Amino acid sequence: MASDSDSGLSRTLVLEVTRVTEAAAIAAARLRGRGAEKAADKAAVDAMRRELANLAIRGTVVIGEGEMDEAPMLYIGEKVGSGEGPEVDIAVDPLEGTTICAKAMPNALAVLAMSERGGLLHAPDMYMNKIAIGPGYAPDLVDLDAAPGDNIIALAKAKGVPVSEITACILDRPRHAELIAAVRAVGAGVQLIPDGDIAGVIWTTDPEETGVDIYLGSGGAPEGVLAAAALRCIGGQIQGRLMPANEEERARAATMGIADINRKFRLEDMASGDVIFSAAGVTDGSLLDGVRFRGDFAEVDSVVMRSKTGTVRRIQTKCRIGE
């Protein structure tokens, strides 16, 4: 009889994955507010890679720091883990929000998703247009191809509230000027964020706590898959469509198995099967608290989820740290 670890993702992996994101968060947090984006990102990548090597998995990075010639570690296609245990796909963002970490602003995270082999979309590093809402709504209540105002009105009707009580989370970018205007034109509010759209999507799952009902706009495609992995575990809806900027990006998508560049990806297209999602706070935010350094210890606030069981664990860890 096959053991749990041989047949798929094991229960023990849930907590072990948390250690991976904790290590990345601690490494990045040492450089908070230093204005050193690349150094903070490298520190998080190095720490995450070291911890992944200790996991009893045969892992393949499907979303990472870039192509092999661009990233020395955690590159797309890299094999990670001990070489024993289940075959898994891994998506990582060792430091989601490099700029906000460098400026010690809210909502920087260390993020990792793991699935059974073939469970995560191999998304190229380009923009993706996205729309997301939390759980508890009829399928396709909102649609990527509908007008922003129509989606806001549909969501308000489903919630049984006036449009004025709906808030959309949108990345603060010049390209979103028309989108922001369209949301405000129907009477809804907008919460602009400087970076960190994985957290922005997750916020939609608990609007009473976060004040965010819907996520709209374009951001990174890899971040879209990581956000979908979280929604796979806790519920919600997300749709996304790639936005290639040139023929090179179109070709890259094709090499990664995406034949139809105009395809509208839904949640199950981006994350399927048994999925584990883990995030650790680097800086304080609406989702998690940032790392606290206290003498020889670091206190880390994490959330880890698993789709198979529907469990969501908030974990606060006190770790001894070296010099």
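Residues numbered from 1 in each chain as written. Predicted model: local features only at pLDDT ≥ 70, side-chain atom pairs only at ≥ 80, totals over all residues. Heavy atoms only, no water.

A word on the environment of P194. Mapped onto the secondary structure, P194 falls in the loop between β7 (189–193) and α7 (197–203). P194 sits in the partly exposed class, given a relative accessible area of 34%. Along the backbone, P194 and T99 are 95 residues apart, and their C-alpha atoms lie at a distance of 8.6 Å. (Helix = DSSP H or I, 4+ residues; strand = E, 2+ residues; numbered from the N terminus. Buried < 20%, exposed > 50% of the residue type's maximum accessible area, 1.4 Å probe, protein only.)

Looking at the chain as a whole, its pLDDT mean stands at 94, while 97% of the residues score no less than 70. With pLDDT under 50 throughout, residues 1–7 is counted as low confidence; its partners more than four residues away or in other chains account for 8 contacts. (pLDDT = per-residue confidence, 0-100. Contact = heavy atoms within 4.5 Å.)

Take the sheet that holds strand β9 (residues 237–243) next. What the 6 strands build is an open sheet, ordered β7-β6-β8-β5-β9-β10; its pairing is mixed. The open sheet has two edge strands, β7 and β10 (265–266), and neither has a second partner. Sheet analysis places strand β6 (residues 167–171) next to β7, joined by 5 bridges and oriented parallel. The partner of C169 across the bridge, within β7, is Q191. Contacting β6, β7 and β8 (214–220), helix α6 (residues 177–185) crosses the sheet at an angle of about 150 degrees to β7. (Pairing = 2+ DSSP bridges. Axes fitted to C-alpha atoms, helices over the stretch in contact; angles between N-to-C directions.)

This part covers the environment of G33. Here G33 is to be found in the loop between α2 (11–29) and α3 (37–52). The exposure class of G33 is partly exposed, given its relative accessible area of 44%. C-alpha separation for the pair G33 and A154, spaced 121 residues apart in sequence, amounts to 41 Å. Filtering out sequence-adjacent residues up to four positions away, G33 remains in contact with C101, A102, K103 and A104.

L120, I238, L242, M270 and F277 are the most contacted members of the largest nonpolar core, which totals 47 residues. A per-element tally of this core places helix α9 (residues 221–234) first, with 9 residues. Contact partners of F277, with chain neighbours within four places excluded, come to V111, L112, A113, I198, I202, L226, A229, A230, C233, V303, V304 and M305. (Core = buried A, V, L, I, M, F, W, Y, C linked by side-chain atoms within 4.5 Å.)

Let us look at the side chain of E223. Structurally, E223 can be placed in helix α9. Ignoring anything within four residues of it in the chain, the contact list for E223 reads D93, E96, K130, D197 and I198.

On to the packing of aromatic side chains, then. A full pass over the atoms with the stated rule returns 0 aromatic pairs. The ring centre of Y127 lies 4.3 Å from the NZ or CZ of R175, which sits over that ring. Directly above the ring of F297 sits K318, whose terminal nitrogen or CZ lies 4.9 Å from the centroid. (Phe/Tyr/Trp six-rings, centres within 6.5 Å; stacked < 30°, edge-to-face > 60°. Lys NZ or Arg CZ within 6 Å of the ring centre and 35° of its normal.)

In this section: the environment of R175. On the secondary structure map, R175 appears in the loop between β6 and α6. As a C-alpha pair, R175 and G217 span 42 residues in sequence and 9.1 Å in three-dimensional space. At 2.7 Å, the side chain of R175 forms a polar contact with the side chain of S218. (Polar contact = N/O pair within 3.5 Å; in protein donor to acceptor, adjacent residues only side chain to side chain.)

In this section: the pattern of salt bridges. Applying the stated criterion across every chain, the model contains 18 salt bridges. In this structure, E78 and R49 form a salt bridge, with 2.6 Å as the shortest nitrogen-oxygen distance. With E78 in the loop between β1 (58–63) and β2 (79–80) and R49 in helix α3, the pair connects residues that are 29 residues apart, well separated along the chain. Take E78 and R49: they sit in the same class, and that class is buried. Note that R314 and D301 form a salt bridge whose closest N and O atoms lie 2.5 Å from each other. Taken together, the positions of R314 in strand β14 (residues 311–320) and D301 in strand β13 (residues 297–306) put the pair 13 residues apart, joining distant regions of the chain. Several salt bridges converge on common partners, so that one network encompasses D143, D145, R241 and K264. (Salt bridge = Lys/Arg side-chain N within 4 Å of Asp/Glu carboxyl O.)

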